[in-house]
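Structural features, examined
The chain contents come next:
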Amino acid sequence: LPILWWVTGGLGICLGYHRLLTHRSFKTSLLFERILATLGALCWQGGPLHWVGTHRLHHAESDGDLDPHSPQHGFTWAHILWCFHRRPEGRDPHDVVKDLARDPYMRWLDRWFLLPQVGLGILLFGLGHLVTGTAAGAWGYVIWGVCIRTIFCYHATWFVNSAAHTWGYRNFRTKDGSRNTWWVALLSFGEGWHNNHHAQQRSAAHGMRWWEVDPTWWSVWVLERLRLVHGVVRPKLDRLDPHR
């Protein structure tokens, strides 16, 4: 479970869907981009076009009337209820992802994002049966590796939308209600340093003070040294509020 949580949530959602596809915080090969997008689809949070489009709309309208998931419309709405509406505030996320839509694989994955999860479930069932020798043990692998992991990743992501726009401190004076929330950062591989992110959206690092732990940035740092990524956008630390 912890390994799958990191691979799908940390590498798939945080690194792939968010910092690469949404904000282009670094550059990489088309193959590696597609691999990260596929890992993101394993979190069952939607295909890359829908997820990225929704997040881009969030930044464009942050905490305004057209923000798809602002706590200004209620904490529960920001956390979960918005997910039950295909177009929460009447705008189509696909309208702002023309760049991603040029890739036929991204279009395919956006439509069939459930298939990788089905494949993972079959793989886990087979592994569980091989290890335990029983159907019950095999289903246990599926329940923990797919169901419980997916639920955990959902809430970790949703807390960025809800809690990190409600509680915490601010390093930057942004026009929205984004906050740096330490416990959300721990659950979401560094995404909880949300005020930092809103202030410098293209930065590959969200943690900008020494205590702001950001595992996704560590992944970028390692991948850069392995020459799997390049053109990494680094934060402008001179813009930090010195009184915070």
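Throughout what follows, the structure given in this document is the object of discussion. (Residues numbered from 1 in each chain as written. Predicted model: local features only at pLDDT ≥ 70, side-chain atom pairs only at ≥ 80, totals over all residues. Heavy atoms only, no water.)

**Digging into the side chain of His79**
Among the structural elements, His79 can be located in helix α4 (residues 75-79). Given a relative accessible area of 9%, His79 falls into the buried group. A polar atom in the side chain of His79 sits 3.0 Å from the side chain of His155. Polar side-chain contacts of His79 include one of 2.9 Å to the side chain of Ser162. (Helix = DSSP H or I, 4+ residues; strand = E, 2+ residues; numbered from the N terminus. Buried < 20%, exposed > 50% of the residue type's maximum accessible area, 1.4 Å probe, protein only. Polar contact = N/O pair within 3.5 Å; in protein donor to acceptor, adjacent residues only side chain to side chain.)

**Some points on the packing of aromatic side chains**
Applying the stated criterion across every chain, the model contains ten aromatic pairs. With a centroid separation of 4.8 Å and an interplanar angle of 50 degrees, the aromatic rings of Trp5 and Phe189 are classed as tilted. Taken together, the residues span a long stretch of sequence, with Trp5 in helix α1 (residues 2-22) and Phe189 in the loop between α9 (182-187) and α10 (194-199) at a distance of 184 residues. You can call Phe189 buried: its relative accessible area is 10%. Each ring, one from Tyr169 and one from Trp193, has its centre 6.5 Å from the other, and the planes form 50 degrees; the classification is tilted. Taken together, the residues Tyr169 in the loop between α8 (135-161) and α9 and Trp193 in the loop between α9 and α10 connect sequence positions 24 residues apart. (Phe/Tyr/Trp six-rings, centres within 6.5 Å; stacked < 30°, edge-to-face > 60°.)

**Points about the nonpolar core**
By size, the foremost hydrophobic cluster in this structure holds 35 residues, and its most contacted members are Leu15, Tyr17, Leu21, Phe26, Leu36, Val220 and Val232. Sorting the residues of this core by element identifies α1, α2 (30-41), α3 (48-60), α6 (104-111), α7 (114-132), α8 and α11 (215-225) as the ones contributing at least two each. In terms of residue count, α1 provides more of this core than any other element does, seven residues in total. Other than its neighbours up to four places away in sequence, Val232 contacts Ser25, Phe26, Ala204, Trp217, Val220 and Glu224. (Core = buried A, V, L, I, M, F, W, Y, C linked by side-chain atoms within 4.5 Å. Contact = heavy atoms within 4.5 Å.)

**Concerning the packing of α2 against α6**
As a packed pair, α2 and α6 sit with axes 11 Å apart at the nearest point and diverge in direction by 5 degrees. The angle between α2 and α6 places the two elements in the roughly parallel class. Of α6, the residues touching α2 (which contributes Glu33, Arg34, Ala37, Thr38 and Ala41) are Tyr105, Met106 and Leu109. Counted by class, the contact of α2 with α6 contains five nonpolar, one polar and two charged residues. (Axes fitted to C-alpha atoms, helices over the stretch in contact; angles between N-to-C directions. Parallel < 35°, antiparallel > 145°, perpendicular 65-115°, else oblique. Nonpolar A, V, L, I, M, F, W, Y, C, P; charged D, E, K, R; others polar.)

**Observations regarding the pattern of salt bridges**
By the definition in use, this model includes seven salt bridges. Residue Asp103 pairs with Arg34 through a salt bridge whose shortest N-O separation is 2.8 Å. Taken together, the residues span a long stretch of sequence, with Asp103 in the loop between α5 (98-101) and α6 and Arg34 in helix α2 at a distance of 69 residues. Relative accessible area serves as the criterion here: at 27%, Arg34 is assigned to the partly exposed category. A network of salt bridges, in which partner residues are shared, links Arg19, Glu191 and Asp214. (Salt bridge = Lys/Arg side-chain N within 4 Å of Asp/Glu carboxyl O.)

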